[in-house]
Amino acid sequence: MVRDLVVAFAILAFSAGTALAQPKIEKGPIKPTSAADPKAMFTTYCAVCHGAEGKGNGPAASALAKVPADLTKINARNGGKFPDVRIRRYIEGLDEVAAHGTRDMPMWGGLFNSLNRDTTQLRIAALADYLKSLQQ
Ligand code: HEC
């Protein structure tokens, strides 16, 4: 099933002779991490697109149709306040509306459920708090 797969993005391929390497996104089984370690979760699941520091410049960014959001500027985009609820729902994938089309970002709720349903909300809350701590 799609939601059991997804994620784990490999950054591949400098095909010989090409000046511009085109990264490819590979989807594989989600890697386990500790739900109590948001930095490890961010590094494992998010950094490939959003960058190690959350600035939106991860190695897979150029393979996406949309630019990954700069996650250090969430406050700045929201009148100086961190929109906790919206961010959690976004990470989980709850606000996905068919009419808005597909998004490039995986819906993490289902993926985390596939690791352990009991810790999904913990993971999402910890990631949102982590993002909050990155605000500049
Ligand atoms: C495959 C690439 C990819 C991965 C992996 C990814 N994101 Fe994203 N993310 C995006 C893109 C692209 C956007 C821009 C919105 C869109 O999809 O249209 C985005 C948007 C967001 C937003 C919305 C920001 C805002 O201001 O509304 C949040 C929050 C976010 N990502 C958090 C995360 C977290 C946390 C993780 C890891 C658990 C993660 N992302 C993993 C690609 C990714």
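Residues numbered from 1 in each chain as written. Predicted model: local features only at pLDDT ≥ 70, side-chain atom pairs only at ≥ 80, totals over all residues. Heavy atoms only, no water.

Engineer: For the site of the ligand, give the residues involved together with the corresponding values.
Structural biologist: Looking at the ligand, there are 24 residues lining it, with Cys46, Cys49, His50, Lys66 and Met105 nearest. One of the side-chain nitrogen or oxygen atoms of Arg77 is found 2.9 Å away from an oxygen atom of the ligand. Residues of the shell around the ligand, tallied by class, amount to 18 nonpolar, one polar and five charged. (Near = heavy atom within 4 Å. Polar contact = N/O pair within 3.5 Å; in protein donor to acceptor, adjacent residues only side chain to side chain. Nonpolar A, V, L, I, M, F, W, Y, C, P; charged D, E, K, R; others polar.)

Engineer: Before we move on, can you summarise the nonpolar core with the specific residues and values?
Structural biologist: In terms of nonpolar packing, the biggest core is built from 22 residues, with Phe42, Trp108 and Leu131 touching the most fellow members. Elements with a minimum of two residues in this core: α1 (38-50), α3 (84-92), α4 (108-116) and α5 (120-133). Counting residues per element, this core draws most heavily on α5, which supplies six residues. (Core = buried A, V, L, I, M, F, W, Y, C linked by side-chain atoms within 4.5 Å. Buried < 20%, exposed > 50% of the residue type's maximum accessible area, 1.4 Å probe, protein only. Helix = DSSP H or I, 4+ residues; strand = E, 2+ residues; numbered from the N terminus.)

Engineer: So what's going on with the coordination of the iron atom of the ligand? Which residues, and what values?
Structural biologist: Those protein atoms acting as donors to the iron atom of the ligand are His50 (NE2) and Met105 (SD), and they sit at 1.9 to 2.0 Å. Considering all six donor atoms around the iron atom of the ligand, the spread of angles at the metal, 87 to 179°, places the coordination shape in the octahedral class. Of this pair, His50 sits in helix α1 while Met105 sits in the loop between α3 and α4, and the two are 55 residues apart along the sequence. Exposure class is identical for His50 and Met105. Each is buried. (Donors = N, O, S within 2.8 Å, 3.2 Å for Na, K, Ca; no water. Tetrahedral: all angles 85-135°; square planar, octahedral: opposite > 155°, others 65-115°.)

Engineer: Explain the pattern of salt bridges to me, and be specific about the residues and the numbers.
Structural biologist: Applying the stated criterion across every chain yields a total of two salt bridges. Measuring nitrogen to oxygen at the nearest pair gives 3.1 Å for the salt bridge that ties Lys132 to Asp84. Placement of Lys132 in helix α5 and of Asp84 in helix α3 is noted, with a sequence separation of 48 residues between them. (Salt bridge = Lys/Arg side-chain N within 4 Å of Asp/Glu carboxyl O.)

Engineer: Tell me about the side chain of Thr33, residues and numbers included.
Structural biologist: By the element assignment, Thr33 lies in the segment before α1. By relative accessible area, Thr33 is classed as buried at 18%. Within polar-contact distance, the side chain of Thr33 engages the side chain of Tyr45 at 2.9 Å. Excluding residues that lie within four positions of it along the chain, Thr33 makes contacts with Ala40, Met41, Thr44, Tyr45 and Arg123. (Contact = heavy atoms within 4.5 Å.)

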